Amino acid sequence: MWYELPELNGIKKDLGENDCLYLDFGHGGKDTGCIFYDGSYEKDYVLKFGLAVYKLVKPYFKKVHLTRDTNKTVELKDRTKAMKELGEKYNTVQAYSFHCNAYNKSIHGAEALLSINTNKTDHEFIFWTKFLKDYCSKFDITNRGIKQRKSSNGKQDLYYLHRNTPAAVHVQYLELFFGDNRQDCKKGQSAAYFNKAVFMVAAYILKRYGKTIHRPVEAAKYLYKVQTGAFTVEANAQKLKEDLKSKGFDTYIIRTKIWMWMLLWWPTRRRSFCPCKGFFFMCKSFLKEYVFYIWQRIDYPIY
Ligand SMILES: [Zn+2]
């Protein structure tokens, strides 16, 4: 799996080894989250999505912390407790909480939810502005931007995880799309969207740590060479090369050195005790039957 992300270089490294990565898959168990247009649950979608992101980012870290990896209920207070504990060990806890939205089936689009304490100049704000712009244009999803919602008293964060985690914990909600909207749901459930969006989220998160997902290199088992000639006189090889080049073939000469590593012989019959006769039969045997040789060729292009 490899997807081109042309704008990825716009993401700057702002995190290091001592910044913890925490993936929070919203809801789970008895908390279904929203119900999609097709009747499926948000909790199942974000678990599948989050685990796929986890699989991609995991090799780049000693440890990636997860809230859940199965369909189980995890209370909000347990999520904040885990984040708080990590917040005491690390510089920051970068917690990405994956969700899908729902409202009245007519609203559509993606948004990021940040704490009201996040300033526009903070790395998180810059990162999500860039991510949403790229994500929404790539998947033709409405960009609803970054939301920072206050509680009714106007003093606190509206969202529980924002409100109940210390400053070192940066909880960032990503609302991928509106699950109850027909168009968004259809898009979200397509394999083309899912695979690319997973890759995009993983690649963007990794880029904040200065890590890049590398294109997988396919291991070749065999190398198929095409050969048109072999000469002991270099000029003849040069002549063939020119002929082939004139016919449009991309040609080069490889000089091959032959090493006679070992010559073994072992006469089976002793023909004579005479040294000359013995030598004759030795040579005859050598040529006819008893030659074992190991040779090694070293190939390298010279022209
Ligand atoms: Zn949710």
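Here the structure is shown first, and the text comes after it.
Notes on the structure in this doc start here. (Residues numbered from 1 in each chain as written. Predicted model: local features only at pLDDT ≥ 70, side-chain atom pairs only at ≥ 80, totals over all residues.)

### Let's talk about the overall build of the protein
Working step 1: Helix and strand content of the protein: 8 helices and 8 strands.
Working step 2: Taking all 303 residues of the protein together, the buried fraction comes to 27%.
Working step 3: Taking as baseline every contact in the protein between residues at least 6 positions apart, the subset at least 24 positions apart corresponds to 73%. (Helix = DSSP H or I, 4+ residues; strand = E, 2+ residues; numbered from the N terminus. Buried ≥ 20, exposed ≤ 12 C-beta atoms within 10 Å, placed from the backbone. Contact = placed C-beta atoms within 7 Å.)

### Some words on the nonpolar core
Side chains of a nonpolar character, in soluble globular proteins, are inclined to be buried together.
Working step 1: Tyr 22, Val 46, Ala 95, Phe 98, Ala 112 and Leu 176 are the most contacted members of the largest nonpolar core, which has 44 residues in total.
Working step 2: Breaking this core down by element, the ones donating at least two residues are strand 1 (19–25), helix 1 (42–57), strand 3 (92–101), strand 4 (110–113), helix 3 (123–139), strand 6 (169–178) and helix 6 (191–208).
Working step 3: Per-element tally for this core: the top contributor is strand 6, with 7 residues.
Working step 4: Contacts of Leu 176, omitting those with residues within four sequence positions, involve Phe 98, Cys 100, Ala 110, Gly 188 and Ala 197. (Core = buried A, V, L, I, M, F, W, Y, C linked by C-beta atoms within 7 Å.)

### Some points on the packing of helix 3 against helix 6
Working step 1: The contact between helix 3 and helix 6 brings their axes to 11 Å, and the two run at 160 degrees. By the angle between their directions, the pair helix 3 and helix 6 is classed as roughly antiparallel. The hand of the helix 3/helix 6 crossing is right-handed. Contacts between helix 3 and helix 6 involve Phe 127, Phe 131, Tyr 135, Lys 138 and Phe 139 from the first element and Tyr 193, Ala 197, Met 200, Tyr 204 and Arg 208 from the second.
Working step 2: Residues of the contact of helix 3 with helix 6, tallied by class, amount to 8 nonpolar, no polar and 2 charged. (Axes fitted to C-alpha atoms, helices over the stretch in contact; angles between N-to-C directions. Parallel < 35°, antiparallel > 145°, perpendicular 65-115°, else oblique. Left-handed = near helix turned anticlockwise from the far one by under 90°. Nonpolar A, V, L, I, M, F, W, Y, C, P; charged D, E, K, R; others polar.)

### Brief notes about the sheet that holds strand 4
Working step 1: In space, the 6 strands of this open sheet follow the order 2-1-3-6-4-5, with mixed pairing throughout. If you trace the sheet from one side to the other, it starts and ends with strand 2 (65–66) and strand 5 (143–147), each paired once.
Working step 2: Two elements, strand 4 and strand 6, share 3 bridges in a ladder whose sense is antiparallel. In the strand pairing of strand 6, Ala 112 is matched with Leu 174.
Working step 3: Across the sheet, helix 1 touches strand 1, strand 2 and strand 3, and the angle it forms with strand 3 is around 140 degrees. (Pairing = 2+ DSSP bridges.)

### Here's the deal with the pairing of strand 3
Working step 1: Taken across its 10 residues, strand 3 has 10 buried, putting it largely inside the fold.
Working step 2: Covered by surrounding structure in strand 3 are Thr 92, Gln 94, Tyr 96, Phe 98 and Cys 100 together with Val 93, Ala 95, Ser 97, His 99 and Asn 101, the residues of both alternating faces.
Working step 3: Alignment of strand 1 against strand 3, held across 7 bridges, turns out to be parallel. Paired with Leu 23 across the two strands is Tyr 96, which belongs to strand 3.
Working step 4: Sheet analysis places strand 3 next to strand 6, joined by 8 bridges and oriented parallel. When the sheet's bridge partners are listed, Ser 97 is paired in strand 6 with Tyr 173.

### What about helix 6?
Working step 1: Between its terminal C-alpha atoms helix 6 stretches 26 Å, which fits the 26 Å expected from 18 residues at 1.5 Å a residue.
Working step 2: Restricting attention to buried positions, one finds in helix 6 the residues Ala 197, Val 198, Val 201, Tyr 204, Ile 205, Leu 206, Lys 207 and Arg 208.
Working step 3: Of the surrounding elements, those touching the buried residues of helix 6 are helix 1, strand 3, helix 3 and strand 6.
Working step 4: Gly 210 occupies a position one or two residues after helix 6 and carries a positive phi of about 75 degrees. (Expected span 1.5 Å × (residues − 1).)

### Some thoughts on helix 3
Working step 1: When the terminal C-alpha atoms of helix 3 are compared, their 24 Å separation across 17 residues agrees well with the 24 Å that a helix rising 1.5 Å per residue should span.
Working step 2: Restricting attention to buried positions, one finds in helix 3 the residues Glu 124, Phe 127, Trp 128, Phe 131, Leu 132 and Tyr 135. Down the axis of helix 3, the smallest arc covering the buried residues is 125 degrees, so these residues share one side.
Working step 3: Next to the buried residues of helix 3 lie strand 4, strand 5, strand 6 and helix 6. (Arc of directions from axis to C-beta.)

### So, the packing of helix 1 against helix 6
Working step 1: One way to put it is that helix 1 packs onto helix 6 with a least axis distance of 9 Å and a crossing angle of 50 degrees. It follows from the interaxial angle that helix 1 and helix 6 lie oblique. Of the two possible hands of crossing, helix 1 and helix 6 adopt the one that is right-handed. Within the contact between the two elements, helix 1 uses Phe 49, Ala 52, Val 53, Leu 56 and Val 57 and helix 6 uses Val 198, Phe 199, Val 201, Ala 202, Ile 205 and Leu 206.
Working step 2: Considered class by class, the residues forming the contact of helix 1 with helix 6 number 11 nonpolar, no polar and no charged.

### Let's talk about the pairing of strand 5
Working step 1: Judged from the 3 bridges that link them, strand 4 and strand 5 form a sheet pairing that is parallel. In the strand pairing of strand 5, Ala 112 is matched with Ile 146.
Working step 2: Between strand 4 and its parallel partner strand 5, the chain crosses via helix 3, and the hand of that crossover is right-handed. (Right-handed = clockwise from strand over helix to strand, strands pointing away.)

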